[in-house]
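The primary structure of each chain is shown beneath.
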Amino acid sequence: MSKLAILCGGGNLPLALAAANPEAYCVVFEGVEHAMTGQVHTHRFEEMGGLFAALHDAGVTQLVMAGGLGRPALDPTRFDAGMMAIAPRLLPALQDGDDAILRLIIAVFEEQGFEVVGAHTLLPELCIEDGLVAGVAPSTQSLADADRAYDILSALSPLDVGQGAVVAAGLCLGIETLQGTDALLRFVSETPQPLRRGKGVFVKAPKRGQDLRVDMPAIGPGTIAAAAAAGVEGIVVEAGKVMIIDRAETLAALKDSGLFLMGRTL
């Protein structure tokens, strides 16, 4: 029988996974903020060999990575033998995009004999379905802006840049980069009005070919608040490939803000 480990970052997704899998072995990392309660096992990124050993000792066969971990500042003087073995591959990858790093991390855990699964596999109800989820149906212009935003994200996919873009009246107002969704929407909110011909839409979608077992795009109440502050008309996500965290709170935030949320097969 499989035993699950949850490698926990920030946010509420690890909490939801732990609630659904109470016997899971929960791992948190020094220097990474988290909301986990109850029994957790703390490890350092520099001591991956120790983590591998602990997971094996606990009988873990399957693991899921959930929540924001960021890019940790590594102290090479703390590297254990396991970390030393993967450092020649890992350190150069830190100069690449998130997808490249995460693919390497998946490979490293698989080499240790663990099956890496996605949060959406364990909690499929988190995925946003096709169609209008909340709000008033978007206008023809908004749908055209969503198509334009997705075209931009698709074109950037080979460069491993980001998972979000805002387009208004055909003009791109912002693209998500390493700083994340909140930074993108804050940047859009600061766009001078003369440069803005309409409210526009925020589109969230994975990069083409992205491994959805880790870093699957997600939205939550904070995303709705940031999108409302950015002045967009609504949010379009790729159906089945973006998660909604804290669904009840997110739907309430959408109702309060007047924004629409739509899942589309892009």
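Residues numbered from 1 in each chain as written. Predicted model: local features only at pLDDT ≥ 70, side-chain atom pairs only at ≥ 80, totals over all residues. Heavy atoms only, no water.

Novice: In this structure, what is going on with the nonpolar core? I would like to understand it.
Specialist: Generally speaking, a soluble globular protein has its nonpolar side chains buried in company with each other. Leu55, Leu63 and Phe109 are the most contacted members of the largest nonpolar core, which totals 30 residues. Looking at this core, the elements with two or more residues in it are strand E1 (4-8), strand E2 (25-29), helix H2 (48-57), strand E4 (62-66), helix H3 (81-93) and helix H4 (98-111). When residues of this core are assigned to their parent elements, the largest contribution, six residues, is made by H4. Contacts of Leu55, omitting those with residues within four sequence positions, involve Ala5, Tyr25, Val27, Val60, Leu63, Phe109 and Phe114. Of all hydrophobic cores here, the second largest spans 23 residues; its members include Ile219, Ile224, Ala227 and Val232. (Core = buried A, V, L, I, M, F, W, Y, C linked by side-chain atoms within 4.5 Å. Buried < 20%, exposed > 50% of the residue type's maximum accessible area, 1.4 Å probe, protein only. Helix = DSSP H or I, 4+ residues; strand = E, 2+ residues; numbered from the N terminus. Contact = heavy atoms within 4.5 Å.)

Novice: For this particular structure, what's the right way to read the pattern of salt bridges?
Specialist: Evaluation of the coordinates by the stated rule reveals eleven salt bridges. Arg44 serves as the salt-bridge partner of Glu46, at 3.4 Å between the closest nitrogen and oxygen. Each of Glu30, Arg44 and Glu46 takes part in a single network of salt bridges with overlapping partners. (Salt bridge = Lys/Arg side-chain N within 4 Å of Asp/Glu carboxyl O.)

Novice: What exactly am I supposed to notice about the side chain of Thr250 here?
Specialist: Note on placement: Thr250 falls in helix H9 (residues 247-257). On the basis of relative accessibility, which here comes to 0%, the residue Thr250 falls in the buried class. Other than its neighbours up to four places away in sequence, Thr250 contacts Gly220, Pro221, Ile224, Ile244 and Ile245.

Nothing here speaks to function; it is geometry throughout.
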